[in-house]
Amino acid sequence: ETGVTQSPTHLIKTRGQQVTLRCSSQSGHNTVSWYQQALGQGPQFIFQYYREEENGRGNFPPRFSGLQFPNYSSELNVNALELDDSALYLCASKRTSGNTDTQYFGPGTRLTVL
Amino acid sequence: AQSVTQPDIHITVSEGASLELRCNYSYGATPYLFWYVQSPGQGLQLLLKYFSGDTLVQGIKGFEAEFKRSQSSFNLRKPSVHWSDAAEYFCAVDEYGGATNKLIFGTGTLLAVQP
């Protein structure tokens, strides 16, 4: 157990809808990252939040957005869902104290877009 | 661009046999390297990591990995595999830029264990 929790576990949406996924970081961790893992692939970096601000982004369109709250929990929002957004969404947290920090992952949210 | 290659998509070993999973990376600076394991429908669990120092690193569950700069490799090994080791294994490099730690993952190696 890493102490990183995500909700919900599974979610089914239809194309064009919007979705919000939630992540609670491990105690003491002030940085959270989100990854998308399509079936049969390795995780792909979406973005990272530190002190409630986005400080890094992967190759994802603006309809993927996020928030980090003062208690370091986080949300991933996806607008105008597409079929290709179906994936496992992973949240990872770490305590930023340098450039050798280890990220710890939650169990993920499985999103299916019909 | 940084990248991680795991040449073996699927490997089957017998229980009790030794295991080596290959990982090659492309990264200009000193790499920070990781191995994660993922059981079906689960998140990623950290097995071990290499930042600096001794090139042979020990991890959890009896796994070890060796960093070889000359070969750009970070192969994962276990001397005797248990049935519970069946899972998917991901190698990753930490692309650190500014304040961002971005993990770049390989496509994974699916390990099956025969009785």
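All residue numbers refer to positions counted from 1 along the written sequence of the respective chain. Starting at A for chains and at 1 for ligands, labels are handed out in the order in which the entities are written. It should be noted that, the model being predicted, local features are given only for residues of pLDDT at least 70 and side-chain atom pairs only at 80 or more, the latter also being counted only at that level, while totals for whole chains, interfaces and linings use all residues. By convention in this description, side-chain values take in all heavy atoms of the structure and omit both hydrogens and water.

Draft legend 1. Here's a closer look at the overall build of chain A. A tally of regular secondary structure across chain A gives zero helices and eleven strands. In sequence order, the secondary structure elements of chain A are arranged as β-β-β-β-β-β-β-β-β-β-β. For 114 residues, the compact-globule formula gives about 13 Å, and the C-alpha radius of gyration of chain A, at 13 Å, lands near that figure. Each principal axis of the C-alpha distribution contributes one length, and for chain A these read about 40 × 30 × 25 Å. Helix numbering and strand numbering both begin at the N terminus, where a helix is a DSSP run of H or I of at least 4 residues and a strand a DSSP run of E of at least 2. Throughout, the radius of gyration refers to the C-alpha atoms, and the reference size of a globule is 2.2 Å times the residue count to the power 0.38.

Draft legend 2. Representation of the overall build of chain B within the structure. Across its full length, chain B carries zero helices and twelve strands. Its C-alpha radius of gyration of 14 Å places chain B within 12% of the 13 Å reference for a compact globule of 115 residues. Projected onto its principal axes, the C-alpha coordinates of chain B cover approximately 45 × 30 × 25 Å. Residues counted as buried form 47% of the 115 residues belonging to chain B. The contact definition used throughout considers only heavy atoms, calling two residues in contact when any of these lie within 4.5 Å. Looking at chain B alone, contacts between residues at least 24 apart form 53% of all its contacts between residues at least 6 apart. Surface exposure of chain B reaches about 5300 Å², of which carbon and sulfur atoms provide 49%. By the counting rule applied here, Lys and Arg register as positive and Asp and Glu as negative, while His and the ends of each chain are not counted. For this purpose, a charge sits on NZ of Lys, CZ of Arg, CG of Asp or CD of Glu. Here chain B contributes 8 positively and 10 negatively charged side chains, and the mean placements of these two sets differ by 3 Å. Accessible area is worked out with a 1.4 Å probe on protein chains only. A residue is then buried under 20% of its type maximum, exposed over 50%, and partly exposed in between. Calculation of accessible area relied on Shrake-Rupley with a 1.4 Å probe; when residues are assessed, cover is drawn exclusively from the protein chains displayed.

Draft legend 3. Just the pattern of salt bridges, in detail. Think of a salt bridge as a Lys or Arg side-chain nitrogen and an Asp or Glu carboxyl oxygen that are within 4 Å of each other. With the rule as written, the count across this model stands at nine salt bridges over all chains. A salt bridge links E64 of chain B to R77 of chain B; its shortest N-O distance comes to 3.2 Å. You can see E64 of chain B sitting in strand β8 (residues 64–68) and its partner R77 of chain B sitting in strand β9 (residues 73–78), a full 13 residues away along the chain. With relative accessibility at 23%, the residue R77 of chain B sits in the partly exposed group. It is possible to trace a salt-bridge network through shared partners that takes in R63, E82 and D85 of chain A.

Draft legend 4. Just the environment of Q36 of chain A, in detail. Residue and element names in this part refer to chain A. As for its position among the elements, Q36 is in strand β4 (residues 31–37). Residue Q36 is classed as buried on the basis of its relative accessible area of 11%. Along the primary structure Q36 and I46 are separated by ten residues, whereas in three dimensions their C-alpha atoms are 6.7 Å apart. Residue contacts for Q36: discarding those within four places in its chain leaves G42, P43, Q44, I46, F60, F64, D84, D85, A87, L88 and Y89. Here a polar contact is taken to be a pair of N or O atoms separated by no more than 3.5 Å, where protein atoms must pair a possible hydrogen donor with a possible acceptor and residues adjacent in sequence count only if both atoms sit in side chains. Side-chain polar atoms of Q36 contact the side chain of Y89, separated by 2.9 Å.

Draft legend 5. Region of interest: the pairing of β9 of chain B. Residues and elements named next belong to chain B. β9 sits mainly inside the fold: five of its six residues count as buried. A pair of strands is labelled paired if DSSP reports no fewer than 2 bridges between them. Taken together, the three bridges between strand β3 (residues 19–21) and β9 define a ladder with antiparallel strand orientation. Within the sheet, the bridge partner assigned to L19 lies in β9 and is K78. Between β8 and β9, which pair antiparallel one after the other, the connecting turn spans four residues, and S72 there sits at a positive phi close to 50 degrees.

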